[in-house]
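# What the coordinates show
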Amino acid sequence: MTDTDFARFEKDGWSDPDIAGHYARDFARAAQAAVPDTVRLAKAGPGKAVLDLCCGQGIVTAALAETGAEATGLDFSPAMLALARKAAPGAEFVEGDAMALPFDAGRFDAVTMGFGMLHVPDAGRALAEARRVLKPGGRFVFSTWIGPGEPSAVFWCMSTLAQHGDAGVALPPGPGPFDMAGEDAVRAAFGAAGFEMAGRVRADGVWLADRPDQPIDFFREGTVRGAVLINGQSADTLARLRGIVADLVRAHCGDDAPYRIPVPSVITCGVAV
Ligand SMILES: C[S@@+](CC[C@H](N)C(=O)[O-])C[C@H]1O[C@@H](n2cnc3c(N)ncnc32)[C@H](O)[C@@H]1O
């Protein structure tokens, strides 16, 4: 595995069965909204070999396999792979690093990556590896959370922590959560890796919540960054953070439960040139 503090931090965190289980149960309800367009843009179907990177609990891999494609999921977390094997019994699964793929060049018709780009320390390297294992004309499709400028619980939580959290709580240096959400950044990264932009669509994910501060719990229990950032806050600071996020949720969703909390994402497709 690529040996940086951030890579080790991510691998250790996602290998925790509690975090993996909570992500799959709660956080990923918003990720589900991106699955249909990911599969459609990948043009998965019978006779196609498709690789799902950072497959996690297997929601994308399962949908790829349902099209009749020969689906392979790859992740570096054994805890996630155990969930994925149950979700997609017809797929193959491989434990490995998205930045150093254990496959020959030109093996796949399509490569997908559901909400993985913000977790790999070097997005350019992951794109170069995806390009290497794709056939010419093959499709790379990835989803990522939409960031600033739109109502989004992922952004509300991250920005509230950054602006109002205890300054001493820090993560190892790594990618920003929204680095690959903007079209210009993606075009540049695609160009450098040998892809041409071939499509970009939005998915409107939602968290249905009983409490307006519940996004904080989805983050703390079901993400690696959230667990460290939120568990490191003092009790007073955490209460203040909960209040800020609850106000943002109420301002957007109204005062009554259940709250339909927006968690939008964008799905981008590149073609290997
Ligand atoms: C947010 S989850 C996404 C899971 C799923 N694809 C979805 O759409 O909900 C991110 C996943 O990426 C995996 N991951 C992060 N960095 C990785 C890397 N360098 N190589 C392989 N898997 C990685 C984690 O173990 C985790 O399962």
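These remarks concern the structure in this document. (Residues numbered from 1 in each chain as written. Predicted model: local features only at pLDDT ≥ 70, side-chain atom pairs only at ≥ 80, totals over all residues.)

### Topic: the overall build of the chain
Counted only if it meets this: Numbering of helices and strands runs from the N terminus, with a helix taken as a DSSP run of H or I at least four residues long and a strand as a DSSP run of E at least two residues long. Two things to know: the radius of gyration comes from C-alpha atoms, and the globule rule equals 2.2 Å times the number of residues to the power 0.38. Exposure criterion: with C-beta atoms placed from backbone coordinates, a residue whose C-beta has 20 or more other C-beta atoms within 10 Å is buried, one with 12 or fewer is exposed, and one in between is partly exposed. Contacts are defined on C-beta atoms placed from the backbone: any two residues whose C-beta positions lie within 7 Å are in contact.
Along its length, the chain carries 11 helices and 7 strands. A globule of 273 residues ought to have a C-alpha radius of gyration of about 19 Å, and the chain, at 18 Å, matches this closely. Judged by the C-alpha coordinates and their principal axes, the chain covers about 55 × 40 × 35 Å. For the chain, the residues scored as buried account for 51% of the 273 residues in total. Considering only intrachain contacts with a sequence separation of at least 6, the fraction spanning at least 24 residues in the chain is 75%.

### Brief notes about the environment of Tyr-23
Tracing the backbone shows Tyr-23 in helix H2 (residues 17-25). We classify Tyr-23 as buried; it has 26 C-beta atoms within 10 Å. In the structure, Tyr-23 is positioned 197 residues away from Arg-220 in sequence and 9.8 Å away in space, judged by C-alpha atoms. Non-local contacts of Tyr-23, meaning those with residues more than four positions away in its chain, are made with Ala-28, Gln-57, Gly-222 and Thr-223.

### Some thoughts on the packing of H2 against helix H5 (residues 78-87)
Threshold: Between N-to-C directions, angles span 0 to 180 degrees; the directions come from axes that are lines fitted to C-alpha atoms, helices contributing only their stretch in contact. When an angle is under 35 degrees it counts as roughly parallel; over 145 it counts as roughly antiparallel; between 65 and 115 it counts as roughly perpendicular; any other value is oblique. We call a crossing left-handed when the near helix sits turned anticlockwise from the far one by less than a right angle, and right-handed when that turn is clockwise. Residues are sorted three ways: Asp, Glu, Lys and Arg are charged, Ala, Val, Leu, Ile, Met, Phe, Trp, Tyr, Cys and Pro are nonpolar, and all the rest, Gly among them, are polar.
Relative to each other, H2 and H5 sit at 45°, their axes nearing to 8 Å. In terms of axis orientation, H2 runs oblique to H5. Both H2 and H5 take part in a crossing whose hand is right-handed. On H5, the residues that touch Pro-17, Ala-20 and Ala-24 of H2 are Ala-79, Met-80 and Leu-83. Residue composition of the contact of H2 with H5, by class: 6 nonpolar, no polar and no charged.

### Observations regarding the site of the ligand
Threshold: A residue counts as near a molecule or strand when its C-beta atom, positioned from the backbone, falls within 6 Å of it.
Within the structure, the ligand sits among 21 residues, and Trp-14, Cys-54, Gly-56, Ser-77 and Gly-114 are positioned closest to it. Within the residue set of the shell around the ligand, elements represented by two or more residues are helix H1 (5-14) and helix H4 (59-66). By residue class, the composition of the shell around the ligand is 13 nonpolar, 5 polar and 3 charged.

### A word on the nonpolar core
Here is the rule: Only buried residues count toward a nonpolar core: Ala, Val, Leu, Ile, Met, Phe, Trp, Tyr and Cys, linked into one set through C-beta atoms within 7 Å.
The biggest cluster of nonpolar side chains holds 92 residues, and the ones touching the most others in it are Val-50, Leu-53, Leu-64, Val-111 and Cys-157. Val-50 has contacts with Ala-42, Ala-44, Leu-64, Ala-69, Glu-70, Ala-71, Phe-108, Asp-109, Ala-110 and Thr-112, leaving out every residue within four places of it along the chain.

### Considering unusual backbone geometry
In the segment running from Ala-257 into Pro-258, the intervening peptide bond is cis, with an omega of -5°. With respect to the helices and strands, the residue Pro-258 is situated in the loop between helix H11 (235-253) and strand S7 (259-272). Positive phi, normally seen in glycine, also occurs at Cys-54, with a value near 50°. Secondary-structure assignment places Cys-54 in the loop between strand S1 (49-53) and H4. Judged by local crowding, Cys-54 falls into the buried class, with 25 C-beta atoms found within 10 Å. Even without being glycine, Phe-115 reaches a positive phi, approximately 55°. Tracing the chain through its elements places Phe-115 in the loop between strand S4 (108-114) and helix H6 (123-133).

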